[in-house]
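A closer look at the structure
Listed below, chain by chain, are the residues.
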Amino acid sequence: MAKTYDYLFKLLLIGDSGVGKTSILFRFSEDAFNISFISTIGIDFKIRTIDLDGKKVKLQIWDTAGQERFRTITTAYYRGSMGIMLVYDVTNEKSFENIKNWIRNIEENASADVEKMILGNKCDLEAKRQVSKERGEQLAVEYQIKFIETSAKDSLNVESAFYTLARDIKAKMEKKQEASNPAGARSGGGHQLRANEQQRKPTSWLSRCSLL
Amino acid sequence: MSGSSSVEDLPDQCKDLFTQDGVLLKACLGRPITDLNSIGMLCIVENHDNSKSIEWRPNDLITIDSDTQDQEWAVVNTIGISMSYAKGRRQRTFSGNITADYATARARIIRIPLEELKTFRVTRNNQQMQFSTKPGVWQTTFYFQHGNAEIFVASLKNHVKTAKTRHDRNTYVVVEPNTESQVLNKSFAELDIFTENTTDVVWNLVSNFKQRPYETTMEAFSKLTDIVYYGNEGASGKRDVSEEVADLLTKSMNEIDEATTVTTLTRQSDEYEVVTVNPMLPPRPVIPRGTPLSTEKWEGLQDTEGRVTEVDGVRQLIFRGGIARSIRHLVWKYLLDYYPWHMTHAQLKTLHKKRTEEYFTMKLQWRSMTEAQESRFAEYRERKNLVEKDVNRTDRTHPYYAGENNPNLLVLQDILMTYVMYNFDLGYVQGMSDILAPLLLLMGNEVDSFWCFVGFMDKIASNFEMDQAGMKHQLLQLQQLLMFVSPELANHLVQKDSGNMFFSFRWLLVWFKREFSHRDIMRLWEVLWTGLPCANFHLLIGVAILDAEKDVFISKDYGFTEILKHVNDLSMCLDVDKILSNAEGIYHQLVSSPNLPDQIRVTLGLPTINISTSTHSEADNNKPSTSRGTENGYPRI
């Protein structure tokens, strides 16, 4: 049976409690926002298939509970994820400081080559801001991770963020595949294969909102 | 005075062969009306002269240590149902003092010698049993609060030979008291114990079933058809062992049905492989729910000064049907250990005053914290932040918490912050606001909600502890229960990397709060708070939900992600009464299973009997398992 997609990417949203992980996911998967989201208990995921450079990419995005206490359960879902969004809240200093801890957490539990990205969410709340954009950028440089400020509420940069992460995963995968399969033979089974299309250059939206 | 010597002194000492609790005396010819409607235990006893009787004893005759009431109920239940299989008989024991009250109470015992018993019948969906020693008159009527009269009937049939009457399937005629006592019992495994006393006909059937389940079933079906169509029973109404065979088959039909269904769904070629229905479990009884505890009943269960006298009775009624809306806010205070059952109205008033003062003292502790203090108190700030974040996203779709600047959100926050002061070490953990919201919604009062919340948290505090050991342990227990109740599904989950049961984390953390509407969660919680019919009944709720989805999981071959998605999507699609009824049915299956492993007995608070299984380590849970047969040490037929 023909698959309805060319690639399946498993992504993960992590970060402190209340930084807006579920809102970001909801904005991306349903293009909606609800001010009174319920807190996430345990784990959930949503699916959205996007078109990326002519390929259908199915994104399976896992949403986790943020409180440290539940980390033993949530880290079980790190396994097999290909991209991780590290989310903090620009109006909450502590959530920004904790990004370092989350990165350590990834290093301990996720595969070494997982693509990462830092999101500074709630950038619409300028009056309450505690973490400047510059500090976010600085942290990203330090860890060599892409960074973008988002607002799930105003639908700012959420699309871009997921597209960027997905594109990076795709590029990495295709590169790997070319390395292991230089003849360019099309590979049959497996959801992450069948890729020999020429890579396209990142499009202009990247420069609009991100550091790298 | 020594309790044990008094027992010896009792003139007519007898042995309990079977006991069943939660049985209400509804009617008895020649008894004063004051004796009626009291709760007690229905037993089958062997008298000192080896004759046997049915005996009903009011609960106040059974001495129970007040601080171990819950366990005691569970123990009584267990011994009644399962120990009678395992050990055969049990000495009646009374602990504590035997006083003049005891003698009065003894006069209230009702005894029906089996030699005199002529007929009995089961009515109202297994909730009622009537006995007669004279044709045409039902002298005694009992009401089974658990709706499980069939269990008593099954046991009684060990001691008397019965035949069902032609016109009424629920009426049994006693053909003769069966002095040898052990005949048919409820499950095949039990028959294994008593082979020498079983008639050849039945035994052949059973042993054939063990060796060739599929063929034997079909053969037995044809025999059953014979009985049904050709009227195997004589005109006298007297029936021999074929009647018992028929009964046995009727009982096993559900199981066979299930097994054959599975066959069609999976592989038809190898019937031995697919008959994985757990042979240890008797069929699941269908136990209807009852009506909620009403104002009248509630008031009737208190004395004039307001003490609740029939605590066990109250628990039983709530377990069976929940609580009427009108008195729910009051009864919850008792169930959540805020109000002690034995207190008078006056004492409660004093207690309430004291608790109010305590609450406001603790509230003042955080309310009086200055900003400067806060800035030097990181752990406090962290807790406060978490509370504020969660309060703003707790049940906001419910009218009580909806809208901007809703004052009820502030109350929610105040209670949670005060709880942080009450138990700073535990602090605030996500999920707590979910636990509190329905309490406040119902009570509408800050102080009462707080103390009820404390009571609820006392029951589930281990869910929220830092190391999450309590949650992990429960997930493991859930897995073990499912492995016994529905091995096929449990093995499917293991194969799909879901043996750790993490997909049910949300269920267990907040006791299914996210799965039901407010109305339904209130019903579920109050039933669970009764502590009946066993410890950790909430795990059986989980088993019941999963078992109902078994076909979906297996036939669609759901994998890791689909399992989680499906479980999450069940939220707000579950029928609370149906699930409670199924969970109770599963409970009865478990306690009636003679080979229930100790591991599960411990989970359910039942006494252990040295049946062990290989323990599943957490690592094992993630390993795919393809072996059948003696999986987990359960022998296979």
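Each remark here, short or long, concerns the structure printed above.
Fair warning: this is a prediction, and the values are worked out from it, not measured in the lab. (Residues numbered from 1 in each chain as written. Chains lettered and ligands numbered in written order. Predicted model: local features only at pLDDT ≥ 70, side-chain atom pairs only at ≥ 80, totals over all residues. Heavy atoms only, no water.)

Quick look at the pairing of strand β3 (residues 55–64) of chain A now. Residue and element names in this part refer to chain A. With 8 of its 10 residues buried, β3 lies for the most part within the structure. In terms of strand pairing, strand β1 (residues 7–15) meets β3 through 7 bridges, oriented parallel. Across the sheet, residue leucine 8 finds its bridge partner in β3, namely lysine 58. Alignment of strand β2 (residues 43–52) against β3, held across 10 bridges, turns out to be antiparallel. Paired with phenylalanine 45 across the bridge in β3 is tryptophan 62. Here β2 folds back onto β3 in antiparallel fashion, the turn holding 2 residues, of which aspartate 53 has a positive phi close to 50°. (Buried < 20%, exposed > 50% of the residue type's maximum accessible area, 1.4 Å probe, protein only. Helix = DSSP H or I, 4+ residues; strand = E, 2+ residues; numbered from the N terminus. Pairing = 2+ DSSP bridges.)

Next up on the list: the interface of chain B and chain A. Each partner contributes to the interface: chain B provides 31 residues, whereas chain A provides 26 residues. Summed over both partners, the interface of chain B with chain A buries about 2700 Å², with 60% contributed by carbon and sulfur atoms. Of all residues in chain B, B:Arg393, B:Gln430 and B:Phe502 give up the largest surface area on contact with chain A, accounting jointly for 22% of the area buried on that side. Our enumeration of links across chain B and chain A arrives at 1 salt bridge. A:Asp44 is the salt-bridge partner of B:Lys565, the closest N and O atoms lying 4.0 Å from each other. Those elements that place two or more of their residues in the side of chain B that touches chain A are α15 (378–391), α19 (469–485), α21 (505–509) and α25 (560–569) of chain B. For the side of chain B that touches chain A, the leading source of residues is α25(B), giving 5 residues. Of the residues in the side of chain B that touches chain A, the class split is 14 nonpolar, 6 polar and 11 charged. (Contact = heavy atoms within 4.5 Å. Buried area = accessible area lost by both parts, 1.4 Å probe. Salt bridge = Lys/Arg side-chain N within 4 Å of Asp/Glu carboxyl O. Nonpolar A, V, L, I, M, F, W, Y, C, P; charged D, E, K, R; others polar.)

Here the focus is the pattern of salt bridges. One pass over the full model with this rule turns up 40 salt bridges over all chains. Residue A:Asp89 pairs with A:Lys122 through a salt bridge whose shortest N-O separation is 3.3 Å. With a gap of 33 residues between them, A:Asp89 in strand β4 (residues 83–89) and A:Lys122 in the loop between β5 (115–121) and α5 (133–143) connect regions that are remote in the sequence. A relative accessible area of 2% means that A:Asp89 is categorised as buried. A:Lys122 gets classed as partly exposed once you look at its relative accessible area, which sits at 21%. The partner of B:Arg57 in a salt bridge is B:Asp16, and the shortest N-O contact between them spans 2.8 Å. On the criterion of sequence distance, the pair formed by B:Arg57 in strand β3 (residues 52–58) and B:Asp16 in strand β1 (residues 15–28) is long-range, its members being 41 residues apart. Among the charged side chains, a salt-bridge network with shared partners connects A:Asp53, A:Arg167, A:Lys170 and A:Glu174.

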